[in-house]
Amino acid sequence: SAVISQKPSRDICQRGTSLTIQCQVDSQVTMMFWYRQQPGQSLTLIATANQGSEATYESGFVIDKFPISRPNLTFSTLTVSNMSPEDSSIYLCSVAPGAGASGANVLTFGAGSRLTVL
Amino acid sequence: AQTVTQSQPEMSVQEAETVTLSCTYDTSESDYYLFWYKQPPSRQMILVIRQEAYKQQNATENRFSVNFQKAAKSFSLKISDSQLGDAAMYFCAYRSALYNFNKFYFGSGTKLNVKP
């Protein structure tokens, strides 16, 4: 299965600033996914990062707040812009090698980035 | 949209004993996949087990097995011979096999404590 490196692993940020999270995969993948896990809660999909096209955002998430880059098939970044304390969460990068309708489409996750916004 | 419900926020089990975590889901689709993921305190989400809805046989992975009841839309995880390393958050997840099949729906999680 794919190995995902995500950084930073954690950071403490000031209100109003922006932070970019990087996600590196050890193999080429078509789609990369960004999830948010708020304290004590489940995972919510923010967006799907597609190489060569704009990211696809889920309801409730917008590009101005969470801009995403996908310059190649092994790398993506998620920026959390103009942060507020409500953005304090774990942000998880994931991939689904062999993406498609078949059962091969199983999510593999990075270790996550824990952001605390003061 | 599909929903996944885990009604047990937290559970405890004695080491070497068996515990069952519950999961129910709501869908109108007939073909889908169900998953259990484990998230230890280190945060790395790990796939525990996967079940294809078209298979009647329950999936098994070593000490982990599921009880898949399609009609009841229930997908419980049984952990046998519990070990200290099983302590983690467990998330049940659903994925369609037909539509928007890159989107996973996660339950709210069950925190499993393992007592020595």
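It should be noted that the structure appears before, not after, this text.
Residues numbered from 1 in each chain as written. Chains lettered and ligands numbered in written order. Predicted model: local features only at pLDDT ≥ 70, side-chain atom pairs only at ≥ 80, totals over all residues. Heavy atoms only, no water.

Peer 1: Kindly report on the layout of surface pockets, identifying the contributing residues and their values.
Peer 2: In this structure, the largest pocket spans a volume of roughly 410 Å³. What lines the largest pocket is a set of 23 residues, and nearest its centre among them are Gln37(A), Gly40(A), Ile90(A), Gln39(B) and Met89(B). Every element with two or more residues in the lining of the largest pocket is listed here: strand E9 (89-95) and strand E11 (113-117) of chain A together with strand E10 (88-96) and strand E12 (110-115) of chain B. Looking at side-chain class alone, the lining of the largest pocket contains ten nonpolar, ten polar and three charged residues. One number sums up the size of the second largest pocket: a volume of about 210 Å³. Lining the second largest pocket are 14 residues, and of these Leu43(A), Thr44(A), Leu45(A), Lys103(B) and Tyr105(B) sit closest to its centre. For the lining of the second largest pocket, the elements supplying multiple residues, two or more each, are strand E5 (43-50) of chain A together with strand E1 (3-5) and strand E11 (104-106) of chain B. Its residues assigned to classes, the lining of the second largest pocket comprises eight nonpolar, four polar and two charged. (1 Å grid on protein atoms, 1.4 Å probe; cavity = no way out; pocket = protein on both sides within 12 Å on 5 of 7 lines; lining within 4 Å. Points joined across faces, edges and corners; volume = space filled by probe spheres on them. Helix = DSSP H or I, 4+ residues; strand = E, 2+ residues; numbered from the N terminus. Nonpolar A, V, L, I, M, F, W, Y, C, P; charged D, E, K, R; others polar.)

Peer 1: Describe the state of the cysteines, listing the residues and the values that go with them.
Peer 2: Using the criterion set out here, one finds two disulfides over all chains in the structure. Between the sulfur of Cys23(B) and that of Cys92(B) lies a disulfide, 2.0 Å long from S to S. Classification of the bridge connecting Cys23(B) and Cys92(B) rests on its S-S torsion, roughly -70 degrees, and on that basis the disulfide is left-handed. Of the two residues, Cys23(B) is situated in the loop between strand E3 (19-21) and strand E4 (24-26) and Cys92(B) in strand E10; the sequence distance between them amounts to 69 residues. One exposure class covers both Cys23(B) and Cys92(B), and it is buried. Left without a disulfide partner, Cys13(A) is nearest to the cysteine sulfur of Cys23(A), which lies 18 Å away. (Disulfide = S-S within 2.5 Å. Buried < 20%, exposed > 50% of the residue type's maximum accessible area, 1.4 Å probe, protein only.)

Limitation: the analysis is restricted to geometry and does not speak to function.
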